[in-house]
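# Examining the three-dimensional arrangement
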Amino acid sequence: MYRLAPQIVLILLTVLVLQVVDGAEQDERVSRAIAQLGANQYADRESASRQLALMGVIAVDQLVHAARGNDSEVAARAVDALRAMLRQDDSELSNKAEAALESIAEQGSLAVAQQAEVALDFFDAAQAVSARKKLEELGAIFSDTGLSGLRLEIAEDWKGDSRSLKLVTRLQKVVHVSLFGLQLTERDAVTLGRLRGIE
């Protein structure tokens, strides 16, 4: 047993070294792609934009840095790459890209901040449409109250659970939520407590 211990330690150290090298190589790939965002050739800039959007989480931090830089072409393309990441099925990537865009919207130059805000607005609108569709499939009933917004009713025939109730927080312009015959958990109450502007 003790003879295996040094071999196991050696294997673990090798794996850790490979991960560090792999991480450094990935960072270098991201850096090269970001540098290409400002290339003279349009095709090179487009290719770099696509590569960065596909790189995922490893590229997010460097994209934020690039979006805050002085080169307006690089900054705009960095925001575009983050916007493309929002639409991915990977929730970790989507959440990190969303947080990055929020940060850029708050602290970027005016033009880049506005571009980040627009990307977030479109993302929020798409999320709201998707959430409403799913909630309706689960038995929620929506009615339009005119200019003031939407009324949402969830009754006993609701087929959703606590996780699907979170979709309510993605909706836009909901002014009234009615819950009938549902037994809410503490988690549900916290979720519904995040809603603002509700009657």
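It should be noted that the structure appears before, not after, this text.
Our subject in this report is the structure included herewith.

### Describing helix α8 (residues 186-193)
Buried residues of α8: Asp188, Thr191 and Leu192, and no others. The buried residues of α8 occupy an angular sector of 95° when projected down its axis, which confines them to one face. Opposite its buried face, α8 presents the exposed residues Glu186 and Val190, each directed more than 90 degrees away. Packed against the buried residues of α8 are α7 (162-165) and β3 (174-179).

### Section: the side chain of Arg45
Structurally, Arg45 is set in helix α2 (residues 42-55). Residues within four places of Arg45 in sequence aside, it is in contact with Gln36, Leu37, Gly38, Ala39, Asn40, Glu73 and Arg77.

### Some words on unusual backbone geometry
The phi angle at Lys173 is positive, at roughly 60°, despite the residue not being glycine. Summarising the element assignment, Lys173 is placed in the loop between α7 and β3.

### Let's talk about the pattern of salt bridges
The tally for this structure, following the rule as stated, stands at eight salt bridges. For Glu46, the salt bridge goes to Arg50, with nearest N and O atoms at 4.0 Å. In this pair, Glu46 and Arg50 both sit in helix α2, four residues apart, roughly one turn of the helix. Here Glu46 falls in the partly exposed class, since its relative accessible area comes to 24%. Classification of Arg50 as exposed rests on a relative accessible area of 51%. Glu136 is the partner of Arg132 in a salt bridge, and the nearest nitrogen-oxygen pair spans 3.2 Å. Note that Arg132 and Glu136 are positioned in helix α6 (residues 110-137) at a spacing of four residues, about one turn of the helix. Connected through salt bridges with shared partners, the residues Arg45, Glu46, Arg50, Glu73 and Arg77 form a single ionic network.

### Some thoughts on the sheet that holds β3
If you trace the three strands from one edge of the open sheet to the other, you get β1-β2-β3, paired in mixed fashion. At either end of the open sheet lies a strand with only one pairing partner, and these are β1 (141-144) and β3. Averaged over all pairs of adjacent strands, the angle between their axes in this sheet comes to 20°, without regard to strand direction. The pairing of strand β2 (residues 150-154) with β3 spans five bridges and is parallel. Among the inter-strand pairings, Arg151 is bridged to a residue of β3, identified as His176.

What counts and what doesn't
- Residues numbered from 1 in each chain as written.
- Predicted model: local features only at pLDDT ≥ 70, side-chain atom pairs only at ≥ 80, totals over all residues.
- Heavy atoms only, no water.
- Buried < 20%, exposed > 50% of the residue type's maximum accessible area, 1.4 Å probe, protein only.
- Helix = DSSP H or I, 4+ residues; strand = E, 2+ residues; numbered from the N terminus.
- Arc of directions from axis to C-beta.
- Contact = heavy atoms within 4.5 Å.
- Salt bridge = Lys/Arg side-chain N within 4 Å of Asp/Glu carboxyl O.
- Pairing = 2+ DSSP bridges.
- Axes fitted to C-alpha atoms, helices over the stretch in contact; angles between N-to-C directions.

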